[in-house]
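Each chain, letter by letter, is given below.
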Amino acid sequence: MKSHVKAVVIGGGVVGCSVLYHLARAGWTDIMLIERSELTSGSSWHAAGGFHTLNGDPNVAKLQAYTVQLYKELEEISGQSCSLHLTGGVMLADSPERMDFLRLAHAKGRYLGMDTELITPSEAKKMFPLMDEKHFVGAMWDPVEGHLDPSGTTHAYAKAAKKLGAEIVLRNPVKELTQDPDGTWNVVTEQGTVRAEHVVNCGGLWAREVGRMVGVELPVLAMEHMYLLTEPMPEVEAFNKETGREMIGVLDFKGEIYTRQERNGILLGTYEKACKPWSPVNTPWDFGHELLAPDLDRIAPSLEIGFQHFPGIANAGIKQVINGPFTFAPDGNPLVGPVQGLTNFWVACGVMAGFSQGGGVGLALSNWMVNGDPGFDVWGMDVARWGEWASLRYTNAKVRENYSRRFSIRFPNEELPAARPAQTTPLYDTMVANNAVMGDSWGLETPLWFAPKGTEPKDIVSFHRSNDFEHIGNEVRATRDRVGVTEIANFAKYEVSGPASEDFLNRLMTNRMPKNGRIVLTPMLNEFGRLIGDFTIAKTGDDTFMIWGSSAAQKYHMRWFEKHLPKDGSVRIHRFDQTLVGLSIAGPKSQELLARLVDEDVSSKAFRFMDFREMAVGGAPCLVNRITYTGDLGYEIWMAPAYQRLVYKAIKDAGEEFGIVDFGMRALLSMRLEKNFPTWFRELRPIYGPFEGSMERFIKLEKNDFIGREAAAREHAEGPKLRRVSFYVDAQDADVMGDEPIWAKIGAKDFGTIEKPHGYGAPRFDETGKEVRGSDAATGASAVRGIVDGDWRVVGWVTSGGYAHYVEKSMAQGYVPAALAENEAEGLFEIEILGHRRPARINVEPPFDPSGDKMRG
Ligand SMILES: Cc1cc2nc3c(=O)[nH]c(=O)nc-3n(C[C@H](O)[C@H](O)[C@H](O)COP(=O)(O)OP(=O)(O)OC[C@H]3O[C@@H](n4cnc5c(N)ncnc54)[C@H](O)[C@@H]3O)c2cc1C
């Protein structure tokens, strides 16, 4: 065993072996994997080995596509078979809602270049004769599904990594991790100590325990999972004989069941409602290649439905029941990336579908470690997406909820109840008493909308407009016509201070920093000139700045800020989280209202648009920004939590004469739509450049050498390939939710041929794992199937949208090829909503207050 290496990977399951292989492939060969026992001594060995591309997050789906595509290469390099069976599979819908869900998944698949197809139950039956089609209304076929040998695949990664020079040490538990002042890690193992620059936690079932070695409580929990294997079935043998094919994989949402052929019988697994965590607090170190006791009673309700839906299986004998544990994060997606607050400590754990995701996780993490950037939009699996509130008990409640809902529909307006409320502001009880429907915003209870007195404050979940529609409309109209107040505690807030703070921010941000008492809006870029942040910054003192940003990105941004802080202590950064809370007032009467609450001049001359000032509001010390996300005349007022009730009461009391209303987050988002404002993580993400994002007003290429400037200058010089645009959509009773395909009639001569936007078309990767973007030739002819229809082509996808209540229009935002971005012609675009293509038209100017006169006051 070497005593010094560049990186140690802890854990020899499929994920650790994939990380090792990808690091070696990226050129880091001075690396070592340390495994407690033999390879596959966690959940990897008893997996059912199924794989698929589909994922609710298209960016994660892309990495799953990469994983599936990788296996052939892996077999060639390693000489080890993965026993790949690419059978294809169907998802069965038993209800119209589930069919809507499949239509949405199919639509998303279009721009990912997936060849999915919506089919009838009888077509599905032809592929899988064991089913009784009377229970279903439709299905979706996906050709890129199948299964493999979990152990063979893990060993294939390991062998390929060894061939590239990586070392694997078996039967050697890692006992302790310490870090020297120079950042070197001491990996203390049973066989001695290894010094390493980087440590990667791929501990799978023990990832939590490995995290605790460095004082981190990772939000992962293992759940028991059962699948059964039937005796050989004559129906299966007959099908194989007749068709010369293996049976396909089947997912039955209603029964919460997945099946596939295993030898001459069937493998059937369940995600049962009565699910059970395994080792909820500490994973025993002596657990290894053993299975857990089967408990068929627990999965009986699923089996009962399954046996009705698949009568063939009901008659088969059960040969074996496998019950094994595997880990989940609270939302079911992996935890990947560097841990904020530590240096060179990485995780790749909580991977619940190692054989669909392991390759993509390895690729993204190795890119990140070697190049400083994952190379993809990995927000959906970034470990930074969880805050401190994701404690052991939170994780337990959420993972159980997620497991039991694995095959349930998540509606776009659906808030899930487990582990709530986690964080509350002092106004929580008041908001609940005001009949607010509350939502979870990065662990914080936040009012979404207010139900009228006497009605139950509850969402009726739906893909269509629902019971909140009318009430959000009322909140928007009252705010736009008079004045409204809303809680904005769920924004991120930071203070940057110290003598070098301005230089620091100038290096990180694309815009010039404001003068004392002024505010600017500014994106932040990575070295590759991609958008990694969007902030409001106020200069609050000679050496101090306040920053506001996206709540969910707090750890993500802190990680970036800390990485770039000068080592000499000349800049300090403080994240307030819920130690600073806020309220926003907006609407034409908001200025008069503020004037009633303060003892100073707040006229538009004295307190201008984009001014910042400290003042007492209703008697409480506050920070006030003359800016609001509604895009109207308005203010953001920030205070210590102890003052929030006082300020709110003062606002409501003084606002009575103006007819003030409470409005929620959904009204706020509706109002930003009619101003064409983007949102972070929907419109603005690390896959877009600042000019693509239509953020040019905030990019000052000439100001200094800020991070990403060179790449941004290149984008500017060459012209962005895509542009963020806003649409009016001729919607009926359902608005866009995000991720819908945008069709354009570009077969017509006047638009000529356009270059494909990146991220569209089947993802293709070159031999180094780098995504190949661009032309049709690169994405392959088959990728185009399903995205061309006569003169129409899918040219982009919706990032977000909804109903803009004040201007009474259904609106959407998304990215389209730059050549089309300013074309407001009717009949040029269509947006696919729930399987129906609806006419859409670009609106270059926002429909509300396009001149900004109202906003400036
Ligand atoms: C019944 C069942 C069915 C499944 N079916 C599927 C399926 O069909 N498709 C699919 O994609 N996934 C499936 N899975 C999930 C899949 O098994 C996991 O996604 C995958 O195994 C996770 O791999 P991993 O490498 O993260 O963790 P693990 O396999 O748990 O590996 C972690 C490794 O780290 C080692 N380790 C931990 N701590 C230390 C330490 N301190 N020192 C040294 N070594 C350490 C362990 O010994 C272990 O070998 C299934 C799981 C189960 C239980």
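Let me sum up the structure you'll find in this document.

Criteria and cut-off values
Residues numbered from 1 in each chain as written. Predicted model: local features only at pLDDT ≥ 70, side-chain atom pairs only at ≥ 80, totals over all residues. Heavy atoms only, no water. Buried < 20%, exposed > 50% of the residue type's maximum accessible area, 1.4 Å probe, protein only. Helix = DSSP H or I, 4+ residues; strand = E, 2+ residues; numbered from the N terminus. Arc of directions from axis to C-beta. Contact = heavy atoms within 4.5 Å. Core = buried A, V, L, I, M, F, W, Y, C linked by side-chain atoms within 4.5 Å. Pairing = 2+ DSSP bridges. Axes fitted to C-alpha atoms, helices over the stretch in contact; angles between N-to-C directions. Near = heavy atom within 4 Å. Polar contact = N/O pair within 3.5 Å; in protein donor to acceptor, adjacent residues only side chain to side chain. Areas by Shrake-Rupley, 256 points an atom, 1.4 Å probe, with all protein chains shown as cover. Nonpolar A, V, L, I, M, F, W, Y, C, P; charged D, E, K, R; others polar. Disulfide = S-S within 2.5 Å. Parallel < 35°, antiparallel > 145°, perpendicular 65-115°, else oblique. Left-handed = near helix turned anticlockwise from the far one by under 90°. Phe/Tyr/Trp six-rings, centres within 6.5 Å; stacked < 30°, edge-to-face > 60°. Lys NZ or Arg CZ within 6 Å of the ring centre and 35° of its normal. Salt bridge = Lys/Arg side-chain N within 4 Å of Asp/Glu carboxyl O.

## Comments concerning helix α7 (residues 234-243)
Then comes step 1: Within the span of α7, buried status applies to Val236, Phe239 and Asn240. Down the axis, α7 shows its buried residues gathered within 95° of arc, on one side only. For α7, exposure combined with an orientation more than 90 degrees from the buried face picks out Pro234, Lys241 and Glu242.
Then comes step 2: The inward-facing, buried residues of α7 contact α4 (121-127), β14 (257-262) and β15 (265-270).
Then comes step 3: A positive backbone phi angle near 70° is found at Gly244, which sits one or two residues after α7.

## Structural notes on the nonpolar core
Then comes step 1: Grouped together as the largest cluster of nonpolar side chains are 77 residues, with contacts concentrated most on Met509 and Phe561.
Then comes step 2: Per-element accounting of this core gives the leading share, five residues, to helix α3 (residues 96-112).
Then comes step 3: In contact with Phe561, not counting residues within four places along its chain, are Tyr494, Phe504, Leu508, Met509, Met524, Phe535 and Ile573.
Then comes step 4: Residues Val15, Val68, Val361 and Met381 belong to the second largest nonpolar core, which totals 46 residues.

## Observations concerning the sheet that holds strand β25 (residues 531-541)
Then comes step 1: Read from one edge of the open sheet, five strands run β24-β25-β26-β23-β27, paired in antiparallel fashion. Looking along the sheet, the strands with just one partner apiece sit at the ends: β24 (519-525) and β27 (572-575). Pairwise comparison of adjacent strand axes, ignoring direction, gives a mean angle of 30° for this sheet.
Then comes step 2: With six bridges joining them, strand β23 (residues 492-497) and strand β26 (residues 544-549) adopt antiparallel strand pairing. Across the sheet, residue Glu495 finds its bridge partner in β26, namely Met546.

## Describing unusual backbone geometry
Generally, phi is negative for residues other than glycine and the peptide bonds are trans, each holding for most cases.
Then comes step 1: For the bond from Arg420 to Pro421, the omega torsion is -10°, close enough to zero to count as cis.
Then comes step 2: A positive phi angle, near 50°, is found at Arg263, a position not held by glycine.
Then comes step 3: As for its placement among the helices and strands, Arg263 is situated in the loop between β14 and β15.
Then comes step 4: Overall, Arg263 belongs to the exposed group, its relative accessible area being 68%.
Then comes step 5: Of note in the backbone geometry, Ala419 takes a positive phi value of approximately 60° without being a glycine.
Then comes step 6: Positionally, Ala419 belongs in the loop between α11 (392-404) and α12 (428-433).

## Focus: the site of the ligand
Then comes step 1: For the ligand, the set of nearby residues contains 38 residues, the closest of which are Glu35, Arg36, Ser44, Gly50 and Val351.
Then comes step 2: Here Leu205 contributes a backbone N or O atom positioned 3.3 Å from an oxygen atom of the ligand.
Then comes step 3: Protein chains shield 97% of the accessible area of the ligand, which is 1,000 Å² for the free molecule.
Then comes step 4: Within the residue set of the shell around the ligand, elements represented by two or more residues are α1 (14-25), β12 (221-230), β17 (318-328) and α10 (354-371).
Then comes step 5: Of the residues belonging to the shell around the ligand, the class tally is 20 nonpolar, 16 polar and two charged.

## Considerations on the state of the cysteines
Then comes step 1: Evaluated as defined, the whole model comprises zero disulfides.
Then comes step 2: With no disulfide partner, Cys275 has as its closest neighbouring cysteine sulfur the one in Cys349, 20 Å distant.
Then comes step 3: Relative accessible area serves as the criterion here: at 14%, Cys275 is assigned to the buried category.

## A closer look at the side chain of Lys398
Then comes step 1: Of note, Lys398 is situated in helix α11.
Then comes step 2: For Lys398, a relative accessible area of 7% gives the class buried.
Then comes step 3: Beyond its immediate sequence surroundings of up to four residues, Lys398 is in contact with Pro330, Leu416, Ala418 and Ala419.

## With respect to the packing of α1 against helix α5 (residues 150-163)
Then comes step 1: Contact geometry for α1 and α5: axes closest at 8 Å, N-to-C directions at 25°. For the element pair α1 / α5, the angle class is roughly parallel. Considering only the axes of α1 and α5, their crossing is left-handed. Note on element contacts: α5 touches α1 through Thr154, Tyr157, Ala158, Ala160 and Ala161, opposite Val14, Cys17, Ser18, Leu20, Tyr21, His22 and Ala24.
Then comes step 2: For the contact of α1 with α5, the residue count by class is nine nonpolar, three polar and no charged.

## Some words on the packing of aromatic side chains
Then comes step 1: Applying the stated rule across the entire model yields 33 aromatic pairs.
Then comes step 2: On the basis of an interplanar angle of 85° and a centroid distance of 5.6 Å, the ring pair of Trp379 and Tyr556 is categorised as edge-to-face. With Trp379 in the loop between α10 and α11 and Tyr556 in helix α15 (residues 554-564), this residue pair connects regions lying 177 residues apart in the sequence.
Then comes step 3: For the ring pair Tyr629 and Phe677, a centre distance of 5.9 Å and an interplane angle of 20° mean the geometry is stacked. Here Tyr629, found in the loop between β30 (620-625) and β31 (634-639), pairs with Phe677, found in the loop between α18 (665-673) and α19 (709-718); they are 48 residues apart in sequence, far enough to count as distant.
Then comes step 4: The exposure class assigned to Phe677 is partly exposed, which follows from its relative accessible area of 21%.
Then comes step 5: Cluster of aromatic residues (ring-pair linked, three or more members): Phe101, Phe253, Tyr258, Tyr271, Phe326, Phe328, Tyr403 and Phe407.
Then comes step 6: Of note, Arg98 hangs over the ring of Phe101, and the distance from its end group to the ring centre comes to 4.6 Å.

## Considering the environment of Glu702
Then comes step 1: Here Glu702 lies in the loop between α18 and α19.
Then comes step 2: In sequence terms Glu702 and Asn506 are 196 residues apart; their C-alpha atoms lie 12 Å from each other.

## Let's talk about the side chain of Asn435
Then comes step 1: Residue placement: Asn435 occurs in the loop between α12 and β20 (436-441).
Then comes step 2: Judged by relative accessible area, which is 11%, Asn435 ranks as buried.
Then comes step 3: Dropping the residues within four chain positions of it, Asn435 is found in contact with Trp449, Phe450, Ala451, Pro452, Lys453, Gly454, Thr455 and Pro457.

## Quick notes on the pairing of β20
Then comes step 1: Summarising burial for β20: five of the six residues are buried, a large majority.
Then comes step 2: Between β20 and strand β21 (residues 444-450), which pair antiparallel in sequence order, lie two residues; one of them, Trp442, sits at a positive phi of approximately 50°.

## Describing the pattern of salt bridges
Then comes step 1: Per the counting criterion, the structure on display carries 48 salt bridges.
Then comes step 2: Linking Arg596 and Glu657 is a salt bridge whose minimum nitrogen-to-oxygen distance equals 3.0 Å. A residue pair is termed long-range when its members are at least 10 positions apart, and Arg596 in helix α16 (residues 590-597) and Glu657 in the loop between α17 (644-655) and β32 (661-662) qualify at 61 residues.
Then comes step 3: Here Arg596 falls in the partly exposed class, since its relative accessible area comes to 45%.
Then comes step 4: Residue classification places Glu657 among the exposed positions, given a relative accessible area of 55%.
Then comes step 5: The salt bridge involving Arg613 is made with Glu600; its shortest N-O contact spans 2.7 Å. Linking Arg613 in strand β29 (residues 612-617) with Glu600 in the loop between α16 and β29, this pair joins segments that are 13 residues apart in sequence.
Then comes step 6: You can call Glu600 partly exposed: its relative accessible area is 32%.
Then comes step 7: Several salt bridges converge on common partners, so that one network encompasses Glu224, Glu272, Lys276, Asp295 and Arg298.

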